[in-house]
Amino acid sequence: MATPFIAGVAVAATALAGRYGIQAWQAFKARPPRPKIKKFYDGGFQPTMTKREAALILGIRQSVAAEKVKEAHRKVMVANHPDAGGSHFLASKINEAKDVMLGKTKNSGSAF
């Protein structure tokens, strides 16, 4: 008499566990994917800009041609130009990054 009752409870518990497992799996699959690579540079600026930091600011590799540096500078500058509501500080850092990547800097640092 007790054996069928225990078997019924076990089947019901297994069915509920399976249902919640399927719901959890569907919720896991439906969540938005997280980006694997960070798009933006986290952290402040160094006192003297390095080539690595300049490349991170412009969003390019450290060893690219001058044309790519100028293209990346233009793209970043359009988004952050002071005349379009951008910051003067960021504009100076972007210009400094371009100068560092093109080898035109005397390590004088930013005006800010």
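Our structure is the block above this text.
So, a few notes on the structure that sits alongside this text. Every value quoted in this text rests on a predicted model; they were computed, and no experiment measured them. (Residues numbered from 1 in each chain as written. Predicted model: local features only at pLDDT ≥ 70, side-chain atom pairs only at ≥ 80, totals over all residues. Heavy atoms only, no water.)

## Structural notes on the overall build of the chain
For clarity, the threshold we go by: Only runs of H or I of at least four residues qualify as helices and only runs of E of at least two qualify as strands under DSSP, and these elements are numbered from the N terminus. Remark: exposure states derive from per-residue accessible area (1.4 Å probe, protein chains only) relative to the maximum for the residue type, with buried under 20%, exposed over 50%, and partly exposed in between. By the convention used here, residues are in contact when the closest approach between their heavy atoms is within 4.5 Å.
In terms of regular secondary structure, the chain is built from 4 helices and 0 strands. Starting at the N terminus, the α and β elements of the chain follow one another as α-α-α-α. Each of the 112 residues in the chain was classed as buried or not, and the buried ones make up 18%. Considering only intrachain contacts with a sequence separation of at least 6, the fraction spanning at least 24 residues in the chain is 46%.

## So, the packing of aromatic side chains
To be explicit about the condition: Only the six-membered ring of Trp is used, alongside the rings of Phe and Tyr, when aromatic pairs are assigned; centres must lie within 6.5 Å, and planes under 30 degrees apart are stacked while those over 60 apart are edge-to-face, with the rest tilted. Only when the NZ atom of a Lys or the CZ atom of an Arg is both within 6 Å of the ring centre and within 35 degrees of the ring normal do we say a charge sits over the ring.
Within the structure shown, the criterion is met by 1 aromatic pair. Its guanidinium or amino end placed over the ring of Y20, R19 lies 5.9 Å from that ring's centre, counting from NZ or CZ.

## Things to note about helix α3 (residues 66-80)
Test applied: Working rule for helices: expected span equals 1.5 Å times residues minus one.
If you check α3, its first and last C-alpha atoms are 21 Å apart, about what 15 residues at 1.5 Å a residue would give, namely 21 Å. For α3, the elements touching its buried residues are α2 (51-58) and α4 (88-102).

## A few points about the pattern of salt bridges
Where we set the bar: One side-chain nitrogen of Lys or Arg within 4 Å of one carboxyl oxygen of Asp or Glu is enough to make a salt bridge.
Summed over all chains, the structure comprises 1 salt bridge. Its salt-bridge partner being E96, residue K93 comes within 3.6 Å of it at the nearest N-O pair. Here E96 and K93 lie together in helix α4, a separation of 3 residues that amounts to about one turn. E96 shares its class with K93; the two are buried.

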